[in-house]
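Survey of secondary and tertiary structure
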Amino acid sequence: MGLIGWIFKRLVVLAVLLGIALFFLQNHIVKLSTGAILRAKSNARMTIGHVDSKLQKGFLRLEGVTILNPVGFQENKFMEINFVQVEFDIVRLLKQEKHLKSLFVDIQRIYIVKQKKEGINIVEIQNKSGSKSSYGKQDAGLSVEDLRVRIGDVVYKDYTRRPPKMSRIFLGLEQRYENVNSLKSIVDSILTQKVLKATAY
């Protein structure tokens, strides 16, 4: 289940790198670019409510982020993120060092949806993003000095049943890590041990 972690990293790191490459562009350009990158790299769409980028100071904050399910799913939303906040050393990133000073991802809600024809939304999104080994290798070496992950709740909707089954699990999860050398392994651990175990689909 590194897919969700992969989406987070693309959402944050690629937005930062693209913003640096286009250093003096305005916030709405960063917003549009981030959405385009996610659509190109996965089968997911997204909207961003607000961008606060002070790239020259090593700061980026995306607020009101909604990642959408592929077309065909009855539930439109895949994930609601209150904000993603990143602090980085611009000199190190310009040297192509995969390092962040801090990363704070505040997830309000994750939707896991199951349908007969489309299958499970996470799997459908993964079909375009590629294999685990593919994106795992691409993100190898990303380190974070201070990582915080917060998840409010998970909603599971099974439309293969009649009537459809829906359950909501409140996680109230907040984890903090220091000097993380493998962001992927941390995110995978949180999702497999907490989120997916809670839904047990």
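Residues numbered from 1 in each chain as written. Predicted model: local features only at pLDDT ≥ 70, side-chain atom pairs only at ≥ 80, totals over all residues. Heavy atoms only, no water.

Comments concerning the side chain of Asp 153
Definition in use: Helix numbers and strand numbers start at the N terminus; a helix is a DSSP run of H or I with at least 4 residues, a strand a run of E with at least 2. For every residue, the accessible area (1.4 Å probe, protein chains only) is compared with the maximum for its type, and the residue is labelled buried under 20%, exposed over 50%, or partly exposed between those bounds. In what follows, residue pairs with any heavy atoms lying within 4.5 Å of each other are defined as contacts.
One can find Asp 153 in strand β6 (residues 143–158). The class for Asp 153 is buried, based on a relative accessible area of 9%. Excluding its chain neighbours within four sequence positions, the residues that come into contact with Asp 153 are Gln 108, Arg 109, Ile 110, Arg 168, Ile 169, Phe 170 and Leu 171.

Topic: the packing of aromatic side chains
Quick reminder of the rule: A pair of Phe, Tyr and Trp rings is counted when the ring centres sit within 6.5 Å of each other, with Trp represented by its six-membered ring. The angle between the planes then sorts it: under 30 degrees is stacked, over 60 is edge-to-face, the rest tilted. Counting as a charge over the ring demands two things of the Lys NZ or Arg CZ atom: a distance within 6 Å of the ring centre and an angle within 35 degrees of the ring normal.
For the coordinates displayed, the defined rule picks out one aromatic pair. When the ring of Phe 83 is compared with that of Phe 104, the centres are 4.9 Å apart and the planes differ by 80°; the resulting orientation is edge-to-face. With Phe 83 in strand β3 (residues 77–87) and Phe 104 in strand β4 (residues 99–115), this residue pair connects regions lying 21 residues apart in the sequence. Its end group placed over the ring of Phe 83, Arg 61 keeps NZ or CZ at 4.0 Å from the ring centre. Here Arg 148 stacks its cationic end above the ring of Phe 104, 4.1 Å away from the centre of that ring.

Focus on the pairing of strand β1 (residues 45–54)
How we decide: Here, a strand pair is defined by DSSP locating no fewer than two bridges between the strands.
Pairing of β1 with strand β2 (residues 59–68), which is carried by nine bridges, proceeds in the antiparallel orientation. Along β2, the bridge assignment pairs Arg 45 with Leu 68. Linking two consecutive strands that pair antiparallel, namely β1 and β2, is a turn of four residues; a positive phi of about 75° is found at Gly 58 within it.

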